[in-house]
Amino acid sequence: MNEKASHLTCYCFKALYELPQLATSSVANKTCANGAEVHATPWASTFCNYASLLNTTNPELPQIGLVSVPGSGNTWTRQMVQRLTGVLSGSVYDSAVAYRKGLEGELEPAYSSRTSFVKNHIFKDKDFTRDSFASLMGKFVVLIRNPLHSSIAEFNRRIEKTKRMSGITKEQFLREAKTENKFQRLFVSGKEFYERYFRLLPELNKPILVVSYEDMRDKLMLQLLRIAHFAEMDVKTASDNAVCTIFNLNQMKQASKRVYKADLTGVAASIINKTDATLYITQLNKTLSERKLHFVRAEEYLKSFEVR
(Lines give C-alpha, C1' and ligand atoms only; values in the text may rest on other atoms or scores of the structure.)
Protein backbone atom coordinates (compact mmCIF):
# COMPACT_ATOMS: atom_id res chain seq x y z
CA MET A 1 0.00 0.00 0.00
CA ASN A 2 1.22 3.50 -0.76
CA GLU A 3 2.59 5.24 2.33
CA LYS A 4 0.27 8.16 1.70
CA ALA A 5 -2.77 6.02 2.50
CA SER A 6 -4.13 6.77 5.96
CA HIS A 7 -6.62 3.92 6.24
CA LEU A 8 -8.31 1.15 4.30
CA THR A 9 -11.94 0.93 3.25
CA CYS A 10 -13.43 -2.40 2.29
CA TYR A 11 -15.50 -3.14 -0.78
CA CYS A 12 -17.22 -6.16 -2.27
CA PHE A 13 -17.27 -7.35 -5.86
CA LYS A 14 -17.37 -10.61 -7.78
CA ALA A 15 -15.43 -9.64 -10.88
CA LEU A 16 -13.25 -6.72 -11.91
CA TYR A 17 -15.64 -5.64 -14.65
CA GLU A 18 -18.50 -5.18 -12.17
CA LEU A 19 -19.10 -1.95 -10.27
CA PRO A 20 -17.83 -2.59 -6.73
CA GLN A 21 -20.04 -1.84 -3.75
CA LEU A 22 -18.97 -0.65 -0.34
CA ALA A 23 -19.04 -3.52 2.13
CA THR A 24 -21.31 -3.38 5.19
CA SER A 25 -20.42 -4.00 8.81
CA SER A 26 -20.21 -7.70 7.94
CA VAL A 27 -16.71 -6.89 6.68
CA ALA A 28 -15.53 -7.57 10.19
CA ASN A 29 -16.35 -11.21 9.49
CA LYS A 30 -14.92 -10.96 5.96
CA THR A 31 -18.24 -11.75 4.28
CA CYS A 32 -20.21 -10.11 1.51
CA ALA A 33 -23.65 -10.62 0.06
CA ASN A 34 -24.25 -12.81 -3.00
CA GLY A 35 -20.97 -14.65 -2.73
CA ALA A 36 -18.79 -11.65 -3.49
CA GLU A 37 -15.36 -11.33 -1.93
CA VAL A 38 -14.13 -8.67 0.48
CA HIS A 39 -11.22 -6.55 -0.69
CA ALA A 40 -9.62 -3.48 0.78
CA THR A 41 -8.45 -0.31 -0.90
CA PRO A 42 -7.33 3.09 0.37
CA TRP A 43 -9.88 4.80 -1.88
CA ALA A 44 -10.96 7.27 0.81
CA SER A 45 -7.41 8.38 1.58
CA THR A 46 -5.12 10.86 -0.09
CA PHE A 47 -3.65 8.02 -2.17
CA CYS A 48 -6.62 8.06 -4.53
CA ASN A 49 -6.14 11.73 -5.23
CA TYR A 50 -2.41 11.38 -5.67
CA ALA A 51 -0.58 11.60 -8.96
CA SER A 52 3.01 12.62 -9.62
CA LEU A 53 5.45 13.19 -12.44
CA LEU A 54 7.30 10.24 -13.95
CA ASN A 55 10.83 9.41 -12.90
CA THR A 56 12.63 9.89 -16.21
CA THR A 57 15.44 7.48 -15.30
CA ASN A 58 13.09 4.67 -14.26
CA PRO A 59 9.58 5.57 -15.52
CA GLU A 60 6.59 3.69 -14.10
CA LEU A 61 4.70 4.01 -17.40
CA PRO A 62 5.62 4.27 -21.09
CA GLN A 63 5.10 7.58 -22.85
CA ILE A 64 1.53 7.39 -24.17
CA GLY A 65 -0.15 9.90 -26.47
CA LEU A 66 -3.87 10.57 -25.87
CA VAL A 67 -5.43 11.55 -29.18
CA SER A 68 -8.99 12.72 -29.74
CA VAL A 69 -11.30 14.91 -31.77
CA PRO A 70 -12.08 18.02 -29.69
CA GLY A 71 -15.16 17.52 -27.51
CA SER A 72 -14.68 13.76 -27.07
CA GLY A 73 -14.37 13.80 -23.27
CA ASN A 74 -10.62 14.18 -23.12
CA THR A 75 -10.57 16.12 -19.83
CA TRP A 76 -12.73 13.59 -18.00
CA THR A 77 -10.68 10.71 -19.41
CA ARG A 78 -7.40 12.32 -18.34
CA GLN A 79 -8.68 12.83 -14.80
CA MET A 80 -9.61 9.17 -14.56
CA VAL A 81 -6.32 8.00 -16.08
CA GLN A 82 -4.38 10.07 -13.54
CA ARG A 83 -6.15 8.28 -10.70
CA LEU A 84 -5.77 4.94 -12.40
CA THR A 85 -2.04 5.24 -13.02
CA GLY A 86 -0.89 7.66 -10.31
CA VAL A 87 0.95 9.59 -13.03
CA LEU A 88 0.10 13.12 -14.15
CA SER A 89 -1.39 13.48 -17.63
CA GLY A 90 0.39 15.89 -19.96
CA SER A 91 -0.64 18.03 -22.92
CA VAL A 92 0.79 19.94 -25.85
CA TYR A 93 -1.56 22.88 -25.13
CA ASP A 94 -0.59 24.38 -21.73
CA SER A 95 -4.23 25.16 -20.87
CA ALA A 96 -4.78 27.09 -17.66
CA VAL A 97 -8.41 25.92 -17.70
CA ALA A 98 -7.37 22.27 -17.70
CA TYR A 99 -4.83 22.97 -14.96
CA ARG A 100 -7.54 24.48 -12.75
CA LYS A 101 -9.61 21.31 -13.27
CA GLY A 102 -6.94 19.24 -11.55
CA LEU A 103 -4.73 18.34 -14.51
CA GLU A 104 -1.51 19.55 -12.95
CA GLY A 105 0.63 17.99 -15.66
CA GLU A 106 -0.93 20.38 -18.19
CA LEU A 107 1.75 23.01 -17.65
CA GLU A 108 4.64 20.55 -17.66
CA PRO A 109 6.53 20.69 -21.00
CA ALA A 110 4.84 18.10 -23.21
CA TYR A 111 8.08 16.42 -24.25
CA SER A 112 9.83 16.38 -20.87
CA SER A 113 9.09 12.63 -20.54
CA ARG A 114 7.73 13.35 -17.05
CA THR A 115 4.04 12.89 -17.92
CA SER A 116 2.08 10.23 -19.76
CA PHE A 117 -1.24 10.16 -21.63
CA VAL A 118 -0.20 13.39 -23.32
CA LYS A 119 -3.15 15.14 -24.96
CA ASN A 120 -3.04 16.15 -28.63
CA HIS A 121 -5.68 16.85 -31.28
CA ILE A 122 -3.86 17.92 -34.42
CA PHE A 123 -1.26 16.14 -36.53
CA LYS A 124 0.56 17.60 -39.50
CA ASP A 125 0.78 15.38 -42.57
CA LYS A 126 4.17 16.70 -43.58
CA ASP A 127 7.07 14.83 -41.95
CA PHE A 128 4.68 13.21 -39.50
CA THR A 129 7.03 10.38 -38.54
CA ARG A 130 9.62 12.99 -37.53
CA ASP A 131 7.12 15.05 -35.53
CA SER A 132 8.05 15.38 -31.84
CA PHE A 133 4.74 13.97 -30.61
CA ALA A 134 4.84 11.03 -33.00
CA SER A 135 8.44 10.14 -32.32
CA LEU A 136 8.52 10.57 -28.54
CA MET A 137 5.31 8.73 -27.68
CA GLY A 138 5.78 4.97 -27.40
CA LYS A 139 2.07 4.14 -27.62
CA PHE A 140 -1.18 5.88 -28.51
CA VAL A 141 -4.70 5.86 -27.08
CA VAL A 142 -7.32 7.23 -29.46
CA LEU A 143 -10.52 8.38 -27.75
CA ILE A 144 -13.62 8.33 -29.95
CA ARG A 145 -17.16 9.62 -29.32
CA ASN A 146 -20.48 9.99 -31.11
CA PRO A 147 -19.56 12.77 -33.57
CA LEU A 148 -22.80 14.66 -32.94
CA HIS A 149 -22.13 14.83 -29.21
CA SER A 150 -18.45 15.69 -29.59
CA SER A 151 -19.38 18.48 -32.02
CA ILE A 152 -21.96 19.89 -29.60
CA ALA A 153 -19.44 19.85 -26.74
CA GLU A 154 -16.72 21.55 -28.77
CA PHE A 155 -19.10 24.10 -30.31
CA ASN A 156 -20.39 25.05 -26.87
CA ARG A 157 -16.85 25.36 -25.55
CA ARG A 158 -15.99 27.80 -28.33
CA ILE A 159 -19.12 29.87 -27.76
CA GLU A 160 -18.55 30.02 -24.01
CA LYS A 161 -14.98 31.13 -24.59
CA THR A 162 -15.74 33.86 -27.14
CA LYS A 163 -19.08 35.05 -25.72
CA ARG A 164 -18.10 34.55 -22.08
CA MET A 165 -21.32 32.64 -21.44
CA SER A 166 -22.01 29.81 -19.00
CA GLY A 167 -24.33 27.45 -20.87
CA ILE A 168 -26.51 28.43 -23.85
CA THR A 169 -30.17 28.03 -24.79
CA LYS A 170 -31.46 26.22 -27.88
CA GLU A 171 -32.21 29.55 -29.55
CA GLN A 172 -28.70 30.87 -28.91
CA PHE A 173 -27.19 27.62 -30.16
CA LEU A 174 -29.20 27.69 -33.40
CA ARG A 175 -28.33 31.31 -34.07
CA GLU A 176 -24.61 30.70 -33.63
CA ALA A 177 -24.64 27.32 -35.39
CA LYS A 178 -26.30 28.60 -38.54
CA THR A 179 -24.05 31.63 -38.84
CA GLU A 180 -21.75 30.86 -41.78
CA ASN A 181 -22.75 27.20 -41.38
CA LYS A 182 -20.34 26.96 -38.44
CA PHE A 183 -21.75 23.85 -36.80
CA GLN A 184 -21.94 21.78 -40.00
CA ARG A 185 -18.36 22.73 -40.82
CA LEU A 186 -17.19 21.78 -37.34
CA PHE A 187 -18.98 18.43 -37.63
CA VAL A 188 -17.34 17.59 -40.96
CA SER A 189 -13.91 18.57 -39.61
CA GLY A 190 -14.18 15.71 -37.08
CA LYS A 191 -14.27 13.22 -39.94
CA GLU A 192 -11.06 14.75 -41.28
CA PHE A 193 -9.43 14.39 -37.84
CA TYR A 194 -10.21 10.66 -37.69
CA GLU A 195 -9.08 10.07 -41.26
CA ARG A 196 -5.74 11.69 -40.43
CA TYR A 197 -5.32 9.75 -37.17
CA PHE A 198 -5.91 6.33 -38.66
CA ARG A 199 -3.88 7.05 -41.78
CA LEU A 200 -0.83 8.41 -39.98
CA LEU A 201 -0.63 6.55 -36.65
CA PRO A 202 -0.25 3.06 -38.21
CA GLU A 203 2.79 4.36 -40.11
CA LEU A 204 4.65 4.52 -36.79
CA ASN A 205 4.28 0.77 -36.11
CA LYS A 206 3.54 1.53 -32.46
CA PRO A 207 0.74 0.05 -30.32
CA ILE A 208 -2.66 1.76 -30.63
CA LEU A 209 -5.63 1.38 -28.27
CA VAL A 210 -9.01 2.78 -29.27
CA VAL A 211 -11.40 3.63 -26.43
CA SER A 212 -14.89 5.05 -26.87
CA TYR A 213 -16.44 7.64 -24.58
CA GLU A 214 -19.66 5.63 -24.58
CA ASP A 215 -17.89 2.48 -23.40
CA MET A 216 -16.22 4.48 -20.64
CA ARG A 217 -19.62 5.82 -19.63
CA ASP A 218 -21.38 2.42 -19.64
CA LYS A 219 -18.63 -0.06 -18.64
CA LEU A 220 -16.04 2.01 -16.88
CA MET A 221 -14.31 -0.72 -14.88
CA LEU A 222 -13.68 -2.84 -17.96
CA GLN A 223 -12.32 0.14 -19.91
CA LEU A 224 -10.05 1.23 -17.07
CA LEU A 225 -8.57 -2.26 -16.97
CA ARG A 226 -8.05 -2.21 -20.76
CA ILE A 227 -6.17 1.06 -20.38
CA ALA A 228 -4.17 -0.25 -17.41
CA HIS A 229 -3.13 -3.36 -19.36
CA PHE A 230 -2.12 -1.18 -22.32
CA ALA A 231 -0.09 1.02 -19.96
CA GLU A 232 1.72 -2.10 -18.67
CA MET A 233 0.50 -1.72 -15.08
CA ASP A 234 0.70 -4.77 -12.83
CA VAL A 235 -2.63 -6.49 -12.23
CA LYS A 236 -3.05 -5.77 -8.52
CA THR A 237 -2.19 -2.09 -8.76
CA ALA A 238 -4.47 -1.76 -11.78
CA SER A 239 -7.44 -3.41 -10.06
CA ASP A 240 -7.07 -1.46 -6.81
CA ASN A 241 -6.58 1.86 -8.60
CA ALA A 242 -9.53 1.19 -10.92
CA VAL A 243 -11.76 0.80 -7.87
CA CYS A 244 -10.33 4.03 -6.44
CA THR A 245 -11.14 5.80 -9.69
CA ILE A 246 -14.75 4.62 -9.74
CA PHE A 247 -15.42 5.69 -6.17
CA ASN A 248 -14.16 9.18 -7.04
CA LEU A 249 -16.18 9.31 -10.27
CA ASN A 250 -18.76 11.92 -9.22
CA GLN A 251 -16.07 14.32 -8.10
CA MET A 252 -14.32 14.04 -11.47
CA LYS A 253 -17.55 14.55 -13.41
CA GLN A 254 -18.27 17.74 -11.49
CA ALA A 255 -14.77 19.05 -12.20
CA SER A 256 -14.83 18.36 -15.94
CA LYS A 257 -18.39 18.90 -17.14
CA ARG A 258 -19.82 22.11 -18.53
CA VAL A 259 -23.17 23.58 -17.60
CA TYR A 260 -25.85 23.41 -20.29
CA LYS A 261 -29.28 24.98 -19.96
CA ALA A 262 -30.92 22.59 -22.41
CA ASP A 263 -30.50 19.30 -24.25
CA LEU A 264 -29.12 20.45 -27.58
CA THR A 265 -29.04 17.07 -29.32
CA GLY A 266 -32.26 17.56 -31.28
CA VAL A 267 -31.54 21.08 -32.53
CA ALA A 268 -27.97 20.14 -33.41
CA ALA A 269 -29.13 17.06 -35.35
CA SER A 270 -31.57 19.18 -37.35
CA ILE A 271 -28.65 21.20 -38.74
CA ILE A 272 -26.48 18.30 -39.87
CA ASN A 273 -26.76 16.86 -43.37
CA LYS A 274 -27.87 13.25 -42.77
CA THR A 275 -25.91 11.95 -45.75
CA ASP A 276 -22.74 13.45 -44.29
CA ALA A 277 -23.51 11.91 -40.90
CA THR A 278 -24.12 8.42 -42.32
CA LEU A 279 -20.96 8.55 -44.43
CA TYR A 280 -18.90 9.83 -41.48
CA ILE A 281 -20.01 7.07 -39.10
CA THR A 282 -19.96 4.14 -41.53
CA GLN A 283 -16.53 5.11 -42.84
CA LEU A 284 -15.11 5.44 -39.33
CA ASN A 285 -16.53 2.05 -38.39
CA LYS A 286 -15.10 0.48 -41.55
CA THR A 287 -11.65 1.94 -40.92
CA LEU A 288 -11.52 0.73 -37.32
CA SER A 289 -12.85 -2.72 -38.22
CA GLU A 290 -10.43 -3.22 -41.11
CA ARG A 291 -7.50 -2.33 -38.86
CA LYS A 292 -8.92 -4.57 -36.09
CA LEU A 293 -8.76 -1.68 -33.64
CA HIS A 294 -12.33 -1.28 -32.42
CA PHE A 295 -15.89 -0.88 -33.62
CA VAL A 296 -18.28 2.05 -33.61
CA ARG A 297 -21.76 1.91 -32.09
CA ALA A 298 -23.08 2.80 -35.53
CA GLU A 299 -26.79 2.26 -34.87
CA GLU A 300 -26.65 4.20 -31.61
CA TYR A 301 -24.72 7.04 -33.20
CA LEU A 302 -27.03 7.28 -36.21
CA LYS A 303 -30.14 7.17 -34.01
CA SER A 304 -29.01 10.35 -32.29
CA PHE A 305 -29.51 12.17 -35.60
CA GLU A 306 -33.24 11.51 -35.58
CA VAL A 307 -34.72 14.95 -35.00
CA ARG A 308 -36.94 15.02 -31.91
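Residues numbered from 1 in each chain as written. Predicted model: local features only at pLDDT ≥ 70, side-chain atom pairs only at ≥ 80, totals over all residues. Heavy atoms only, no water.

Engineer: What's the story with the environment of Glu104 in this structure? I'm lost.
Structural biologist: Among the structural elements, Glu104 can be located in the loop between α2 (96-100) and β6 (116-120). Note on Glu104: relative accessible area 48%, which makes it partly exposed. Separated by 22 residues in the primary sequence, Glu104 and Gln82 place their C-alpha atoms 9.9 Å from one another. Apart from residues lying up to four places away in sequence, Glu104 is in contact with Gln82, Leu88 and Tyr99. (Helix = DSSP H or I, 4+ residues; strand = E, 2+ residues; numbered from the N terminus. Buried < 20%, exposed > 50% of the residue type's maximum accessible area, 1.4 Å probe, protein only. Contact = heavy atoms within 4.5 Å.)

Engineer: Teacher, can you tell me more about the pairing of strand β8 (residues 208-212) here?
Structural biologist: Consecutive residues of a regular strand have side chains that alternate between opposite faces of the sheet. A large share of β8 lies buried, amounting to 5 of its 5 residues. Going residue by residue along β8, you find Ile208, Val210 and Ser212 tucked away on one face and Leu209 and Val211 tucked away on the opposite face as well.

Engineer: Could you clarify how one ought to interpret the nonpolar core in this entry?
Structural biologist: A general trend in soluble globular proteins is that nonpolar side chains are found buried together. Membership of the largest hydrophobic core comes to 47 residues, with the highest contact counts inside it found for Val142, Phe173, Phe183, Tyr197, Phe198 and Leu201. At 8 residues, helix α6 (residues 182-200) tops the list of elements feeding residues into this core. When neighbours within four sequence positions are excluded, Val142 is seen to be in contact with Val67, Tyr197, Phe198, Leu201, Ile208, Leu209, Val210 and Val211. Grouped together as the second largest cluster of nonpolar side chains are 30 residues, Met80, Met221, Ala228 and Ile246 included. (Core = buried A, V, L, I, M, F, W, Y, C linked by side-chain atoms within 4.5 Å.)

Engineer: Just to check I follow, could you spell out the sheet that holds strand β7 (residues 139-144) for this structure?
Structural biologist: Sheet strands pair by backbone hydrogen bonding; their relative direction is either parallel or antiparallel. On the basis of which strands lie adjacent, the open sheet formed by 5 strands has the order β5-β6-β4-β7-β8 and parallel pairing. Either end of the sheet is taken by a strand with one partner, and the two such strands are β5 (89-91) and β8. Strand-to-strand twist of the sheet, defined as the mean angle between neighbouring strand axes without regard to direction, takes the value 25 degrees. As paired elements, β5 and β6 share 2 bridges and run parallel to each other. (Pairing = 2+ DSSP bridges. Axes fitted to C-alpha atoms, helices over the stretch in contact; angles between N-to-C directions.)

Engineer: What is the right way to look at the pattern of salt bridges in this model?
Structural biologist: Close approach of charged atoms allows side chains with opposite charge to pair. According to the stated counting rule, one finds 12 salt bridges in the structure shown. Residue Arg78 is joined to Glu106 by a salt bridge in which the shortest nitrogen-to-oxygen separation is 2.9 Å. Of this pair, Arg78 sits in helix α1 (residues 74-85) while Glu106 sits in the loop between α2 and β6, placing them 28 residues apart in sequence. Between Arg297 and Asp218 there is a salt bridge, and its shortest N-O distance comes to 2.8 Å. Taken together, the residues Arg297 in the loop between α12 (274-290) and α13 (298-303) and Asp218 in helix α7 (residues 213-218) connect sequence positions 79 residues apart. The exposure class assigned to Asp218 is partly exposed, which follows from its relative accessible area of 43%. Here the residues in one salt-bridge network are Asp215, Arg217, Asp218, Arg297 and Glu300, joined through shared partners. (Salt bridge = Lys/Arg side-chain N within 4 Å of Asp/Glu carboxyl O.)

Engineer: How should I be thinking about the packing of α1 against helix α8 (residues 220-230) in this particular structure?
Structural biologist: Axes are the key here: two packed helices are described by the angle between their axes and the distance separating the axes. Packing of α1 against α8 brings their axes to within 11 Å, and their N-to-C directions diverge by 65 degrees. Where α1 crosses over α8, the two elements pack in a sense that is right-handed. On α8, the residues that touch Met80, Val81 and Leu84 of α1 are Leu220, Leu224, Ile227 and Ala228. Residues that form the contact of α1 with α8 fall into these classes: 7 nonpolar, no polar and no charged. (Left-handed = near helix turned anticlockwise from the far one by under 90°. Nonpolar A, V, L, I, M, F, W, Y, C, P; charged D, E, K, R; others polar.)

Engineer: Where do I start with the packing of α6 against α12 in this structure?
Structural biologist: Where α6 contacts α12, the two axes come as close as 11 Å, and the packing angle between them is 15 degrees. One element, α6, and the other, α12, form an angle in the roughly parallel class. For the pair α6 and α12, the sense of crossing is left-handed. From α6, Gln184, Phe187, Val188, Gly190, Lys191, Tyr194 and Phe198 reach across to α12, where they touch Asp276, Ala277, Leu279, Tyr280, Leu284, Thr287 and Leu288. A per-class count over the contact of α6 with α12 returns 9 nonpolar, 3 polar and 2 charged. (Parallel < 35°, antiparallel > 145°, perpendicular 65-115°, else oblique.)

Engineer: What exactly am I supposed to notice about α12 here?
Structural biologist: Since there are 3.6 residues in each turn of an α-helix, residues three or four apart along the chain are aligned in direction. Between its first and last C-alpha atoms α12 spans 24 Å; for 17 residues at 1.5 Å apiece the expected length is 24 Å, and the two agree. Within α12 the residues assigned to the buried category are Ala277, Tyr280, Ile281, Leu284, Thr287 and Leu288. Within α12, the buried residues cover an arc of 130 degrees as seen down the axis, which keeps them to one side. Seen from the buried face of α12, the exposed residues on the opposite side, beyond 90 degrees, are Thr275 and Glu290. The secondary structure elements touched by the buried residues of α12 are β7, α4 (147-163), α6, β8 and α13. Between the side-chain oxygen of the N-cap and the backbone nitrogen of Thr275 there are 2.9 Å, and the N-cap of α12 in question is Asn273. Positive phi appears at Lys292, one or two residues downstream of α12, with a value of about 55 degrees. (Expected span 1.5 Å × (residues − 1). Arc of directions from axis to C-beta. Polar contact = N/O pair within 3.5 Å; in protein donor to acceptor, adjacent residues only side chain to side chain.)

Engineer: Help me understand the packing of aromatic side chains, please; the structure alone is not making it clear to me.
Structural biologist: The relation between two aromatic rings is expressed through the spacing of the ring centres and the mutual angle of the planes. In this structure the tally under the stated criterion is 11 aromatic pairs. Consider the rings of Phe193 and Tyr197, whose centres lie 6.1 Å apart with planes at 65 degrees: the pair is edge-to-face. Of the two residues, Phe193 and Tyr197 are both situated in helix α6; the distance of 4 residues between them amounts to about one turn of the helix. Over the ring of Tyr213 we find Arg145; its NZ or CZ atom is 4.0 Å from the centre of that ring. Over the ring of Phe193 we find Arg196, and its NZ or CZ is 6.0 Å from the ring centre. (Phe/Tyr/Trp six-rings, centres within 6.5 Å; stacked < 30°, edge-to-face > 60°. Lys NZ or Arg CZ within 6 Å of the ring centre and 35° of its normal.)

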